[in-house]
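Descriptive analysis of the structure
What follows is each chain in one-letter form.
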Amino acid sequence: MSTNYDFDVTIIGAGPAGTAAALTLAKGGIEVVLVERGQYPGAKNVSGGALYGPVINELVPNYWEEEGFERFLTIKKISLLSENKAVTIDINNQDFKKPPYNGVSVTRPKFDRWLAKKAEEAGAMILLDTVVEDFVWEGDQILGIKSGDDIIKSKLTIIAEGSSALLTEKAGLAKFPKPEHYAVALKETYELPSDVIESRYGLEKNEGFSNEMLGYAEGIPGGGFFYTNRDTLSFGLILNLKKLTKKKLKSTDVFEQFKTHPYIQKLIQDAKMIEYSAQTIPEGGFKHMSKLYGNGVLVAGDAAGMVLNAGLYIEGMNFALEAGKIAGEAAIEILKLGDFSSNGTKIYENKLKKSFVYKDLKTFKRAAKFLDTDRIFTKYPDLITGLMKKLLKNTGKPRKRIVKTAVGYILKRMNILSLIKDAIGGWRSI
Amino acid sequence: MSKTEKVMTIDEKLSLTKLTTDKNYEHITINPEICKKCKTFDCVYACPANCYKFAEGEEVDSPIIFDYAPCLECGSCRIVCPHGSVDWHYPKGGFGVEYKMS
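Criteria and cut-off values
Numbering of residues starts from 1 in each chain and follows the order in which that chain's sequence is written. To label them, take the chains in the order written and letter them from A, then take the ligands in the order written and number them from 1. Only residues with pLDDT of 70 or above have their local features reported here, since the model is predicted, and side-chain atom pairs are shown and tallied only from 80 upward, although totals for entire chains, interfaces and linings are computed over all residues. Residues of type Ala, Val, Leu, Ile, Met, Phe, Trp, Tyr and Cys that are buried and joined through C-beta atoms within 7 Å form what is called a nonpolar core. Burial is judged by counting the other C-beta atoms within 10 Å of a residue's own C-beta: 20 or more makes it buried, 12 or fewer makes it exposed, and any count in between marks it as partly exposed, with every C-beta position built from the backbone. Under the DSSP-based scheme used, a helix requires at least four consecutive residues in state H or I and a strand at least two consecutive residues in state E, with every element numbered from the N terminus. Note on contacts: each residue gets a C-beta atom placed from the backbone, and two residues are in contact if those atoms are within 7 Å. This arc is built from the directions going out from the helix axis to the C-beta atoms. Helix axes are fitted only over the stretch in contact, all axes being lines through C-alpha atoms; the angle between N-to-C directions runs from 0 to 180 degrees. In this scheme, roughly parallel covers angles under 35 degrees and roughly antiparallel covers those over 145, while 65 to 115 is roughly perpendicular and the rest are oblique. Here a crossing is called left-handed whenever its near helix is offset anticlockwise from the far helix by less than a right angle, and right-handed whenever the offset is clockwise. Residues are grouped as follows: Ala, Val, Leu, Ile, Met, Phe, Trp, Tyr, Cys and Pro are nonpolar; Asp, Glu, Lys and Arg are charged; every other residue, Gly included, is polar. The span expected for a helix works out to 1.5 Å for each residue beyond the first.

Quick word on the nonpolar core
Residue and element names in this part refer to chain A. One finds Val32, Ile158, Leu298 and Ala300 to be the most contacted residues of the largest nonpolar core, which totals 148 residues. Looking at this core, the element that brings in the most residues is helix 9 (residues 317–337), giving 11 residues. Each residue touching Ile158, except ones within four places of it in the same chain, is listed here: Val9, Ile11, Gly18, Ala21, Leu298, Ala300, Ala327 and Ala331.

Examining helix 7 (residues 251–259) of chain A
The set of residues buried in helix 7 of chain A consists of Ser251, Thr252, Val254, Phe255, Phe258 and Lys259 of chain A. Each buried residue of helix 7 of chain A sits inside an arc of 165° when the element is viewed along its axis, so together they form one side.

Remarks on the packing of helix 15 (residues 379–392) of chain A against helix 16 (residues 402–413) of chain A
Residues and elements named next belong to chain A. In contact at an axis separation of 10 Å, helix 15 and helix 16 are set at 140° when each is read in the N-to-C sense. Viewed along their axes, helix 15 and helix 16 adopt a mutual orientation that is oblique. In this structure, helix 15 crosses over helix 16, and the sense of that crossing is right-handed. Contacts between helix 15 and helix 16 involve Leu383, Leu387, Lys390 and Leu391 from the first element and Ile402, Thr405, Ala406, Tyr409, Ile410 and Arg413 from the second. The residue inventory of the contact of helix 15 with helix 16, partitioned by class, reads 7 nonpolar, 1 polar and 2 charged.

A look at the interface of chain A and chain B
Listed as interface residues are 44 residues of chain A and, on the opposing side, 34 residues of chain B. Within the residue set of the side of chain A that touches chain B, elements represented by two or more residues are helix 3 (108–121), strand 11 (182–191), helix 6 (241–246), helix 7 and strand 15 (272–282) of chain A. Residue contributions to the side of chain A that touches chain B peak at 8 residues, all from strand 15 of chain A. Among the residues making up the side of chain A that touches chain B, the classes are represented as 17 nonpolar, 17 polar and 10 charged.

Let's talk about helix 16 of chain A
Taking 1.5 Å of rise per residue, 12 residues should cover 16 Å, and helix 16 of chain A covers 17 Å from first to last C-alpha, within 8% of that figure. Within helix 16 of chain A, only 0 of the 12 residues are buried, leaving the element largely exposed.

Right, dumping it as structure tokens:
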């Protein structure tokens, strides 16, 4: 074949997966173009969001000396919510407050732009406002991309288009999505001066916390999230699309109702809403990931369904960063070996299998099914918050022993068989 | 709720987000022939931007009124529609949502 290639590798999407791939390839001296449909990297992107420090550090050593992130996360709170009640577990780990930092909060227009700049500095070319509509096909081999009248030819294409995965389907690697395997996240960003954030939530300078919330969302699997950024707050609610539509409830109404909870009202009190956003999340887990490679093509991140839903948190961005990096490393090897058929591109899957991305998704493969139980999202938050109220309420009467009160309270409200089933399910899945 | 916690409407919330509408290209189209027979209306429930609304009045062609302009490009409608009525594309370059702080 005497094809003239414009680049060795074309990457679709300048989110964490695509940009990590571009950065890795550019560092390896490969001619790579990163194509982004947004006005800038991050313009179309929404996340909770926290990233693992060590993962960023591998891509950009000493990243914390720069401006890409929001706050170092040292505190993780998990709240169970029910009508007028909340029980919160507060895990405070000050060991996380040193480089490379365990986790950092991010906002995507800032983080994605920062990371893309790193890729650009390393030699990657970035094309903005560029929507990929199809691939360049030669038989069943993908040889680049088409955008309007423009064609970019390349030996390899990496799809990192995010959750909508239109091109992953077009490449024949994913099936049409099913609502049970997806959630919609509704998010509001609030403005609050950094010193107010620090004094209100008891944080030091640049320190932050995350707060996941379960319950009080009409029993729809998913949950709330809250993150402190430098001078903004990220707050949102994730709702499984199948359960939401089956209940005939509007996502916007469930979100507004969720927001009326006193615990949440207190979190966002006096803060000014400055942006509203939404995104879908593939949460089908290990069993519903796309095929990861094909003739001339690799897929990474949300587009491939690399999202872990472990109930108390939904994890996608870290997987995207790591999978993008691995896709970049695999692409370097594939280019060296010169076999761009699926026999050659399989190197990517083999490499990914050794990473935490694949291993974690596999470890938690039963979680998606377990979390399908409505009990997790209504019964248990109600039960635990109700029990705490019963234990703490001052009635003026003598108290019973705590264990006796607890067991009596739970058994009166829960079927013992469901409890055992959930205990086993929980044990097996998480 | 106290006066400071006034509930914002979706339209008010959407006005905070930068959206550039492409007047020459509807990136999502629905098939009215299919929507006419719909009994589930999953798009109305799922859409976080209220792009899909119930049509009011007796003499309507379709039970759903659709407007692509407020779309946040989340893709929910395409996923939830059990009838395959939603033809979903990415907006053209330079159009659609442009997040600053999300």
